[in-house]
Amino acid sequence: MSTTLKVRIDIPVLLPDLPDARDACVERLTTMLASYQGVSQAHVGSVDSEDESTPGNVLCLHYDPDVITLARLHDLARSTGAVLTARFGHEVFSVRVIGSEDSGRGMEQKLRSLTGVVSASVNLPAQRVQVEWDRELVTDEVVQQAVESLGTGAPTPVAGNSCCGPRDPAPPAASWYRRNQELVWSLIALSALALAWGGERWLALPRTAALALYLTAYAFGAWDLTRHWVTALRRGQLSFDIDLLMLVAALGAAVLGQWAEGAFLLGLFSLAHALEHYANDRARRAISALADLAPSTARVRRGDSIAEVAVESVAVGEIVLVRPGERIPVDGDVASGSSAVNQAPITGESVPVEKAAGDPVYAGTVNGDGAMEVATSRRAGDRTLDRVIKLVEEAQTQKAPTQRFTERFERVFVPVVLIADVLLIVVPALFGWWTWSESLYRGMSLLVAASPCALALGTPSAVLAGIAQAARHGVLVKGGMHLENLGIIRALAFDKTGTLTEGRPEVTDVLPSTGVTAEELLAIAGSVETESQHPLAAAVVRRASKDGIALQQAGALESVTGRGVRSSVAGERVEIGTLKLWQDGGVTVPGEIVEKVATLQAGGRSIVVIRKAEKWLGVLGIADQPRKGVRAVLDRLRGLGVSPLVMLTGDNKGVGDAIAREVGVDEVRSELLPEDKVVAVKALLATHRYVAMIGDGVNDAPALAHATVGIAMGGIGSATALETADVALMGDDLSTLPFAIGLSRESRRVIRQNLYISLGTIVLLILSTSTGLIGIGLAVVGHEGSTLLVIANALRLLRYRRGLPVQAH
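Since the structure is predicted, the reported quantities are computational estimates derived from the model, not experimental observations. (Residues numbered from 1 in each chain as written. Predicted model: local features only at pLDDT ≥ 70, side-chain atom pairs only at ≥ 80, totals over all residues. Heavy atoms only, no water.)

Chemist: An account of the overall build of the chain is needed here, citing residue identities and associated values.
Modeler: A count of helices and strands for the chain gives 28 helices and 29 strands. Evaluated residue by residue, the chain yields a buried proportion of 55% over its 809 residues. Counting only contacts in the chain whose residues sit at least 6 apart along the sequence, the fraction spanning at least 24 positions is 68%. On the chain, roughly 34,000 Å² of surface is accessible, and the fraction owed to carbon and sulfur atoms is 56%. (Helix = DSSP H or I, 4+ residues; strand = E, 2+ residues; numbered from the N terminus. Buried < 20%, exposed > 50% of the residue type's maximum accessible area, 1.4 Å probe, protein only. Contact = heavy atoms within 4.5 Å. Areas by Shrake-Rupley, 256 points an atom, 1.4 Å probe, with all protein chains shown as cover.)

Chemist: Residues and numbers for the sheet that holds strand β26 (residues 667-669), please.
Modeler: Taken in spatial order, the seven strands make up an open sheet running β17-β29-β28-β27-β18-β25-β26, and their pairing is mixed. At either margin of the open sheet sits one strand with a lone partner, and together these are β17 (475-477) and β26. The sheet shows a mean angle of 20° between the axes of neighbouring strands, direction not considered. Pairing between strand β25 (residues 645-648) and β26: three bridges, direction parallel. Directly across from M647, in β26, lies its bridge partner V668. (Pairing = 2+ DSSP bridges. Axes fitted to C-alpha atoms, helices over the stretch in contact; angles between N-to-C directions.)

Chemist: Tell me about the packing of aromatic side chains, residues and numbers included.
Modeler: We describe a pair of aromatic rings using the distance from one ring centre to the other and the angle between the two ring planes. For the structure on display, the rule yields seven aromatic pairs. Measuring from centroid to centroid gives 6.0 Å for W185 and W223, while their planes differ by 50°, and the two rings are tilted. Of the two residues, W185 sits in helix α7 (residues 181-202) while W223 sits in helix α8 (residues 207-234), which places them 38 residues apart along the sequence. Three or more aromatic residues joined by ring pairs make a cluster, and in this case those are W185, F220 and W223. We note R28 situated over the ring of F88; from NZ or CZ to the ring centre the distance is 3.8 Å. Just above the ring of W434 sits the side chain of R442; from NZ or CZ to the centre is 3.8 Å. (Phe/Tyr/Trp six-rings, centres within 6.5 Å; stacked < 30°, edge-to-face > 60°. Lys NZ or Arg CZ within 6 Å of the ring centre and 35° of its normal.)

Chemist: Could you give an account of the packing of helix α14 (residues 436-449) against helix α28 (residues 776-795), with specific residues and numbers?
Modeler: As a packed pair, α14 and α28 sit with axes 9 Å apart at the nearest point and diverge in direction by 5°. With respect to α28, the element α14 is oriented roughly parallel. Together, Y441, M444, S445 and V448 of α14 and I776, A779, V780 and H783 of α28 make up the contact between the two elements. Split into classes, the residues belonging to the contact of α14 with α28 amount to six nonpolar, two polar and no charged. (Parallel < 35°, antiparallel > 145°, perpendicular 65-115°, else oblique. Nonpolar A, V, L, I, M, F, W, Y, C, P; charged D, E, K, R; others polar.)

Chemist: Please set out the environment of T139 residue by residue, giving values where relevant.
Modeler: Along the chain, T139 falls in the loop between β6 (128-134) and α5 (140-150). As a C-alpha pair, T139 and G116 span 23 residues in sequence and 8.6 Å in three-dimensional space. Among the polar contacts listed, one links the side chain of T139 to the backbone nitrogen of V142, at a separation of 3.2 Å. (Polar contact = N/O pair within 3.5 Å; in protein donor to acceptor, adjacent residues only side chain to side chain.)

Chemist: Explain the pattern of salt bridges to me, using residue names and the numbers behind them.
Modeler: Counted according to the given criterion, the structure contains 31 salt bridges. A salt bridge links E132 to R28; the shortest N-O distance between them is 2.7 Å. You can see E132 sitting in strand β6 and its partner R28 sitting in helix α2 (residues 24-34), a full 104 residues away along the chain. With respect to burial, E132 and R28 carry one shared label: buried. (Salt bridge = Lys/Arg side-chain N within 4 Å of Asp/Glu carboxyl O.)

Chemist: For the packing of helix α22 (residues 630-639) against helix α27 (residues 737-770), give the residues involved together with the corresponding values.
Modeler: It is at 9 Å that the axes of α22 and α27 come closest, and there the two elements cross at 15°. Relative to α27, the element α22 lies roughly parallel. As α22 runs across α27, the sense of the crossing is left-handed. Between α22, through V633, R636 and L637, and α27, the contact on the second element is made entirely by L737, P738 and I741. Residues of the contact of α22 with α27, tallied by class, amount to five nonpolar, no polar and one charged. (Left-handed = near helix turned anticlockwise from the far one by under 90°.)

Structure follows, in structure tokens:
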């Protein structure tokens, strides 16, 4: 009988350019791998997952080792991934689309109709379009030209994507008029309308002069709408979008002699568009400002000279000089010098971090008072800042569940409205209830009233603002779905090491024997452990150095596997290790030492016993320490209603219970393998439905993938953490988690408020216009007012700061 084994491979390893694990390329990859002989199943999930409903960043392969070896399977997976990466292009373009939500959907449809384009997704507030295409059917250049031809400006591939070449430099700053032309023309239209209406009403202005002013208002108010519509018509993009509906309504008003109302519609609609673009630009600038953090040039030591070169030309390993007060242009390690570096632009932490030789630094952070030389570790395009920008840009095109709902609603709602509008115009007039002019007028008013602009823009504007505000404070949220889901979690699972704790063992207890000083104990232990590479040995050396204890030269180090080490100091034999080091050799351990060991082990400490010659010097207790302030963070999470807080750890029960008591979690589950953590997360999901898992993004990847929201600690400098999780705390700072959850909940509230505002306004205006209570003018005010209101409401998220650590204020 053949045996089926399972292996887990991170999807980003196989498909490095993939924007999201739900991309069609993942399905292609699993289908192709499952077709190979010896592979019985390929799916997304953890190694032990039989539930394939939970998306994640992990590919699980079931295989028969008698048919295909593990090495061969890995080779096939990598080669298949390489084939798909080469064949299918993924790009997020920055564009200026035609100007309305319907135009955005038309752009999606037009791109999808292009031979070879697999998918297209437009985010109107973000002015981004994400496109996937088959390079066997269409070239990169054709796709880029298609995006350019469908927008009102040339597209720019966002930072970090490479299929279409390097990003072009930004164009020179436009004049004030060019930047604000839409606003200026709308104000001219409204001014001409005011002169015409006021002149006729109070100044006895001749009708011909008033008509000329109305026509001026029409021309300036309708210019952009007409240009967009005609351009779309030339491209074969004719659709009944809001631009066309507004033009038809204005022309209908003119035919009926209602020049003032038609001009008011066009002028206010044009003004609203200008204000919408301004409001959305504010949210976009909050994110695009990330790209301006790193300098465009770097001062590099080349030979005996210093050259100032473009940062793109700096190679890995080259030495970059950073002067006091400058922004650091590259990711790298400090080669010489020391300084305090402000990492707030990347991590959100406001307290400068001391950097010395060997410490990592990141592009976009600000050097303090000291000069440093930095050895470059990543080229431009692969820096932490570049990866963050790329992921945030991609997140803007990933639509939230509420946004997908509103789009489905609109696809049904708009045809119904159009049919109802035709009936409203025709039926009452045929039956003699209204005159034809009155029916046509009410029909034109209904077109304005029922336009779902606010409904379409309310959710993506809130998502964009929420993601931007999170990124500004060191929290990377990788899409609208995760922004919404973070706010509904009910339980939170924590990895222990590196999440609740510092991730580095430290000496916590120094218990010398009777007649021995703590200094003597640490001096002997530190002298011997200097020669060891074990993490516990490093902790002993750090403690001795911290206490200012002088260390002596030790002799050759002999390691006793699983027991300890032997060496010599000043010619005398020294032994350091667990009690087994002596017990296995039949040496009697004094009761004092045994008692100290038992006390420390009961407290969850790892123990180190030190003996010099025949003298027992004492015991050291070593433990991974809780992060500073972690208990306060957990209390803040409970204050947000997140409970239970569960710690998942691979450590033994004693260590797990000790840390749990110190940090104050509600539950602790110890001695867990990675697959056991998945089982624990599934159990929490079954009980609490919405569960977040927070870990280091590497060993915890399966559990992160199964949770409702996977949160990675320390996204800064960690490509794996950025790729694996749905949310990354860039500054490795757990205290930003309450802020992220609070921001998510506020985003959900804003999204709901925007839905109520937009749907309520539509219902109210439809009832009012169809019954004749209001005309086109008030319908325009209500329509555009609701659109601006939902965008302004969304922009409130850019000021959200509740839950931030105190020092971040």
